[in-house]
Amino acid sequence: MKKWTMVFIAMLCNFLLAGMVDAAPGTWTRKADFGGTARSEGTGFSIGGKGYIGTGYLQTYLYASDFWEYDPAGNAWTPKAAFGGTARRTAVGFSIGTKGYVGTGTEEWSLRNDFWEYDSAGDAWASKANFGGSERYYAAGFSIDGKGYIGTGASWTGGEWLLHNDLWAYDPAGNAWTQKASVGAVGRYYAAAFSIGSKGYIGMGMDLVETYFNDFWEYDPAGNAWVRKADFGGAARAQGAGFSVGGKGYFGTGFYWSEATLHLLNDFWEYDPAGDSWTRKTDFGGMARAGAVGFSIGSKGYIGIGVADDVYYNDFWEYDGSGLPKNDFNSDGKIDILWRNSTSGRNLVWYMNGVTKLSHAYLTDVTDLAWTVVGTGDFNADGKTDILWRKTTTGQNLVWYMNGISRTSFAYLLTVSDQAWTVVGTGDFNADGKTDILWRNTTTGRNQVWYMDGVTRTSYVYLPAVTDLAWTIAGTGDFNADGKPDILWRNTTTGRNQVWYMDGVTKTSSAYLTSNPDQAWKMVGTGDFNSDGKTDILWRNTTTGQNMVWYMNGVTRSSYAYPPTASDQAWKIVGK
């Protein structure tokens, strides 16, 4: 194996690609380091609200079999039962329902085809039917609709290395493998794979003479057929990491050799199957590397471990593609503005590019004015912005599940008949990848978070009370870039503005923003309007109808800009 001589080219890649792609926001946050020894070429998967990483190759040139569980709610790693097979690297991992699966890989040059099932409830591994193809390493895998798939990779056959493009399906019900249609025309190893909905995807990788690939293929199990899709948007490469979230796929990191120089990468890309297109996102938060592991939990993606120039990593990063910014109704990565007419009951979205209104579209009317829009969020984890309603006469609460501006269905939450309780914001307060709801009591000054699983309240917790009712919660946003929702306050008497920095529901500190004593100006929303990865503040003047965005750098206002004026005061900006 070649000695890897590190050449950092992240800045070069950024320069070369800047004119070729539309970089869009997304936020990387470093989380608790992986609990085991630093390593590369491990494997991982997620089950429910937990992630798992294990096996791999250590800097001491040893192979690992330990396995670790990551809990995003507590941001903590816990050691679990060691992998049931022998220590190894380059195994394939995926999950089916409540079970995880790991198979293939290599220890030294002893290639494997054994296959194991992990039961997280019992913290136990069980041997399953061996992988249906030949023993191999650097294969790729994914799962769809109750079945797992493994394909590609390299094996030693007849005294020579052989690359594969075969694909095999595993059915846990029958504990059996079935060969499926092959992937493309050539074999490869070091490929990437993930699934989106009912389709699987494999692409990138390399061959034995260091030809690197950027082709990308979609597998439809219903027809047992592969279709070539848009080539990967970045440089052809091998040994990157990926995952899928909210109906889209994500891929980045990896390496390629060129003229005896190793190029390690940290660019990161989003694949949209609806448009069959790749968009560059915020570069991976850690150092450029190869041999990382990726998976998703809820609406967040995770990448960790890996190697660069014989330096092995155990850092672990969370990706929030809420580049699904709040209120992104057309999935272009830009925040839009949601309006409700308090006289007619009409509802409207302004499609925005920063503070420029591109166009607008109407949603379904709701002429019963007792129904008010109180928030937005992705309540069914499909990557689309949904709308939260509250009825001011009955206390009913309702979510509209949206596909852009089309309401696909709706669901009721618990009723809260005490109208002193008002919804003042949404955000993921317990880091489980699900939208939670922030409440404030306008009589007592108590504040509360509902932890949600979709539209089901799983529990609730109180935040510190603020009995001075002149202080109103104006919204939520991540003002200190720690990946956690903070709380924005405005004093309706003095015009002072303040941010509570939060760690979940714990207030860690606070900071004041620039005051705005003119009470005609109301804070009506937050979001990243200039795509710099920082939370900005949207204002509306209830006298003139002017609208204004404060561009923020944390709690410092760096500048401001005006979106179009809407002088009809019956139109209210909603969904903060």
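Residues numbered from 1 in each chain as written. Predicted model: local features only at pLDDT ≥ 70, side-chain atom pairs only at ≥ 80, totals over all residues. Heavy atoms only, no water.

**Observations concerning the overall build of the chain**
For step 1, the next point in the chain: When helices and strands are tallied, the chain shows 1 helix and 52 strands.
For step 2, the next point in the chain: Computed over C-alpha atoms, the radius of gyration of the chain comes to 25 Å, within 12% of the 25 Å expected from 2.2 N^0.38 for 576 residues, which places it in the range of a compact globule.
For step 3, the next point in the chain: By residue count, 57% of the 576 residues in the chain fall in the buried class.
For step 4, the next point in the chain: Once local pairs closer than 6 in sequence are excluded, the contacts in the chain between residues at least 24 apart make up 45%.
For step 5, the next point in the chain: When the accessible surface of the chain is totalled, it reaches about 21700 Å², and 50% of it is carbon and sulfur. (Helix = DSSP H or I, 4+ residues; strand = E, 2+ residues; numbered from the N terminus. Rg over C-alpha atoms; globule rule 2.2 N^0.38 Å. Buried < 20%, exposed > 50% of the residue type's maximum accessible area, 1.4 Å probe, protein only. Contact = heavy atoms within 4.5 Å. Areas by Shrake-Rupley, 256 points an atom, 1.4 Å probe, with all protein chains shown as cover.)

**Considering the confidence of the model for the chain**
For step 1, the next point in the chain: Of all residues in the chain, 94% have pLDDT values of 70 or greater, and the mean over the chain is 92.
For step 2, the next point in the chain: Here residues 1–24 is modelled with pLDDT under 50, and outside its nearest four sequence neighbours on either side it reaches 46 contacts, counting other chains as well. (pLDDT = per-residue confidence, 0-100.)

**Description of the sheet that holds strand 40 (residues 421–427)**
For step 1, the next point in the chain: Ordered by their spatial adjacency, 4 strands build an open sheet running 40-41-42-43, and the pairing between neighbours is antiparallel. With partners counted over all chains shown, the strands left at the sheet margins are strand 40 and strand 43 (456–463), one partner each. Adjacent strand axes in the sheet meet at a mean angle of 25° when their direction is disregarded. (Pairing = 2+ DSSP bridges. Axes fitted to C-alpha atoms, helices over the stretch in contact; angles between N-to-C directions.)

**What about the packing of aromatic side chains?**
For step 1, the next point in the chain: In this structure the tally under the stated criterion is 72 aromatic pairs.
For step 2, the next point in the chain: Among the aromatic residues, ring-to-ring pairing joins Trp109, Tyr137, Tyr138, Trp156, Trp161, Tyr189, Tyr190, Tyr212, Phe255 and Tyr256 into one connected group.
For step 3, the next point in the chain: Looking at arginine 496, its charged tip hangs above the ring of tyrosine 512, at a distance of 3.9 Å from the centre. (Phe/Tyr/Trp six-rings, centres within 6.5 Å; stacked < 30°, edge-to-face > 60°. Lys NZ or Arg CZ within 6 Å of the ring centre and 35° of its normal.)

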